[in-house]
Amino acid sequence: MATLIRVDQIAAYEGQEVTVRGWVYNRTDKGKLCFLLVRDGYGYVQCVAFKGDLPEELFDRMVRLPQESAVIVQGTVRKDGRAPGIPGGYEISVRDLQIVHEAALDYPMALKEHGVDFALDHRHLWIRMPSQWAVLRVRAKVIQAAREWLNANGFINMDTPILTPNAVEGTTTLFETQYFDEGSAYLTQSGQLYNEANIYAFGKVYCFGPTFRAEKSKTRRHLTEFWMLEPEMAFTDLDGLMEVEEQLISHIVQTVLRECQPELKSLKRDTTRLEKVQPPFPRISYDEAAEILRQIYEQESDPERKELLRFEWGMDFGSPHETELTNRFEKPVFVYGYPTAVKAFYMQPWPGRPEVCKSVDLLAPEGYGEICGGSERIYDYDLLLERIRQHNLPQEAFKWYLDLRKYGSVPHAGFGMGVERVTAWLCGIEHVREAIPFPRTIKRVYP
Ligand code: 4AD
Ligand code: MG
């Protein structure tokens, strides 16, 4: 009996008789030879059949097999540097073939160029293609590596609710839903507030789940449903927070580089800059960043670009600003101490400078921009109450959150990492919508 193998492990079976179960991704016929590129979920492998080796009727069916037909292939693994596939370099000489399902002939995602909208309408089929498959495998590795690092470093996973009574990141991006007789409930924008409760029971926690933003922005970095990993720590200040962030991000990047080579190669990702992602990351203050941006703005001579780069102290960064800033560094860069006015209500003020808060964003190189956002949280009861009022938030809904400042309140901090943004950066892809299996954007809830 031939051993059932996974295509990613094919190198270990050179010269052996194996079985692969999968789907026909491509087929080429050359007279007496038929080449099937078979994908099994783990990789793509070339299977070569010679007419004389198979019953005539089977070979005839094989040369007519439509793309996406399901097959079980048996044969011998041969090393051949030219063999296409992922990881590639090996092929299977077919001894036997079982056709489990002959696919319909009208496969919409046939091997030709497709427009983005067409591809997104067929996302349920598009994910079978090597580029999409590779990105989603990297995404899974990002999540696995992140959990690994957090679990190994004393963080405990605490899942936070998705249906919530209040806003976390501003009231303009809330998805609202009727909650029985209780009035409105909202899809969560972040698990942070609950994690702030969890740290008082567990010290260091993280939540990981879907988060929702009714973002009107149609950029390549925004989804309306995205996945966020949110660590939160008691007895921690901004410096302690940045140390955790740079270690976590470095662990994720180095794990993906080590374990996703076939995927990154198939995406033609140049990994030179990713290899440099090791602690420490550069840290600059918002003030310094603002000064750099002001100079860039003043020196720009092209009027159109100048308008895009317009910058004054107090503004939030747009993506052209983030790109300009990150271009000056090899590694991801921390920008800390943003103006209080552009950040969330819960951020701790800078001592002696209330117009600035103890926030920090981590900006990725190569134009990817903000991948993590975090801060120290206000731990004083009266100040927090004042902020809730200033932001016109419903005090009643925040009663439990205020309680946390009454019973054992300590300096604490946390951040959120956007899984799709990190994945898009590591894969070098243009848009975050390809970094999630079924993207949700303003114009898309199908499929
Ligand atoms: O900066 P944000 O809004 O921070 C928070 O939500 C905090 N409450 C997190 C915390 O401190 N626990 O979002 C964090 C990250 C961003 O840096 C970005 O990577 C990602 O989440 N993100 C999005 N990703 C895709 N589409 C969107 N619309 C996103 N909004 C934020
Ligand atoms: Mg942010």
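Residues numbered from 1 in each chain as written. Chains lettered and ligands numbered in written order. Predicted model: local features only at pLDDT ≥ 70, side-chain atom pairs only at ≥ 80, totals over all residues. Heavy atoms only, no water.

Chemist: Just checking my understanding: could you explain the overall build of the chain for this structure?
Modeler: Looking only at helices and strands, the chain has 14 helices and 20 strands in total. Here the chain, with 447 residues, has 53% of them falling under the buried criterion. For the chain, the proportion of contacts with a sequence separation of at least 24, taken over those separated by at least 6, is 68%. Of the roughly 20800 Å² of accessible surface on the chain, a fraction of 50% belongs to carbon and sulfur atoms. Of the charged side chains in the chain, 53 are positive and 64 negative, and the gap between their average positions amounts to 4 Å. (Helix = DSSP H or I, 4+ residues; strand = E, 2+ residues; numbered from the N terminus. Buried < 20%, exposed > 50% of the residue type's maximum accessible area, 1.4 Å probe, protein only. Contact = heavy atoms within 4.5 Å. Areas by Shrake-Rupley, 256 points an atom, 1.4 Å probe, with all protein chains shown as cover. Lys, Arg positive; Asp, Glu negative; His and termini not counted. Charge placed at Lys NZ, Arg CZ, Asp CG, Glu CD.)

Chemist: Before we go on, may I ask you to explain the site of ligand 1 in this structure?
Modeler: The local shell around ligand 1 holds 23 residues, among which Glu 169, Gln 192, Arg 213, Glu 230 and Glu 370 are the closest. Contact distances for ligand 1 include 3.3 Å between a nitrogen atom and a side-chain N or O atom of Glu 215. In this structure, an oxygen atom belonging to ligand 1 sits 3.2 Å away from a main-chain N or O atom of Gly 418. For ligand 1, whose unbound accessible area comes to 620 Å², protein coverage reaches 94%. Every element with two or more residues in the shell around ligand 1 is listed here: strand 13 (225-234), strand 19 (369-376) and strand 20 (412-418). With 5 residues, strand 19 is the largest single contributor of residues to the shell around ligand 1. (Near = heavy atom within 4 Å. Polar contact = N/O pair within 3.5 Å; in protein donor to acceptor, adjacent residues only side chain to side chain.)

Chemist: Sorry if this is basic, but what is going on with the environment of Asp 40 here?
Modeler: Following the sequence through the fold, Asp 40 ends up in the loop between strand 3 (33-39) and strand 4 (44-50). The class of Asp 40 is buried, set by a relative accessible area of 10%. With 348 residues separating them in the primary sequence, Asp 40 and Ile 388 have C-alpha atoms 53 Å apart. Apart from residues no more than four positions distant in its own chain, Asp 40 is found in contact with Ile 5, Arg 6, Val 7, Val 20, Arg 21, Gly 22 and Trp 23. Polar contacts involving the side chain of Asp 40 include one to the main-chain amide nitrogen of Val 7, which spans 2.9 Å. Polar side-chain contacts of Asp 40 include one of 2.8 Å to the backbone nitrogen of Tyr 42.

Chemist: How should I be thinking about the domain arrangement of the chain in this particular structure?
Modeler: Accessible area lost when the parts come together is the quantity often used to give the size of an interface. Taken domain by domain, the chain comprises domain 1 (3-101) and domain 2 (124-435). Distance between the C-alpha centres of domain 1 and domain 2: 44 Å. Domain 1 puts 10 residues into the contact, and the matching count from domain 2 is 7 residues. For the pair domain 1 and domain 2, the summed buried area comes to about 750 Å², and 59% of that belongs to carbon and sulfur atoms. (Domains from an automatic or database assignment. Buried area = accessible area lost by both parts, 1.4 Å probe.)

Chemist: Would you take a moment to explain unusual backbone geometry for this structure?
Modeler: Among all residues except glycine, the phi angle is most often negative; among peptide bonds, the trans geometry is most common. Following Ile 86, the chain continues to Pro 87 via a peptide bond in cis, the omega torsion being 5°. Note that Pro 87 resides in the loop between strand 6 (85-86) and strand 7 (90-101). The amide bond that connects Tyr 446 to the next residue, Pro 447, takes the cis arrangement and shows omega of -5°. Inspection of the secondary structure puts Pro 447 in the segment after helix 14 (419-427). At Glu 68, a position not held by glycine, the phi torsion is positive, near 80°. As for its placement among the helices and strands, Glu 68 is situated in the loop between helix 1 (56-62) and strand 5 (70-79). In this structure Glu 68 comes out as buried when scored by relative accessible area, which is 5%. Here Lys 268, not a glycine, exhibits a phi torsion of approximately 55°, which is positive. On the secondary structure map, Lys 268 appears in the loop between helix 7 (261-266) and helix 8 (272-275). Lys 268 sits in the exposed class, given a relative accessible area of 75%.

Chemist: Can you walk me through the side chain of His 412 in this structure?
Modeler: On the secondary structure map, His 412 appears in strand 20. There is a polar contact of 2.7 Å between the side chain of His 412 and the side chain of Glu 196.

Chemist: What is the right way to look at the packing of aromatic side chains in this model?
Modeler: The geometry of an aromatic ring pair comes down to the distance between the two centres and the angle between the two planes. Evaluation of the coordinates by the stated rule reveals 19 aromatic pairs. Centre to centre, the rings of Tyr 25 and Tyr 44 are 5.4 Å apart; their planes meet at 80°, and the pair counts as edge-to-face. With Tyr 25 in strand 2 (residues 17-30) and Tyr 44 in strand 4, this residue pair connects regions lying 19 residues apart in the sequence. Under the relative-accessibility criterion, Tyr 25 is labelled buried at 10%. Here a set of aromatic residues connected by ring pairs shows up, and it is made of Tyr 194, Phe 345, Tyr 346, Phe 398, Trp 400 and Tyr 401. Positioned above the aromatic ring of Tyr 297, the side-chain terminus of Lys 306 is 4.6 Å from the ring centre. The ring of Tyr 338 is capped by Lys 343, whose NZ or CZ atom sits 4.3 Å from the centre of that ring. (Phe/Tyr/Trp six-rings, centres within 6.5 Å; stacked < 30°, edge-to-face > 60°. Lys NZ or Arg CZ within 6 Å of the ring centre and 35° of its normal.)

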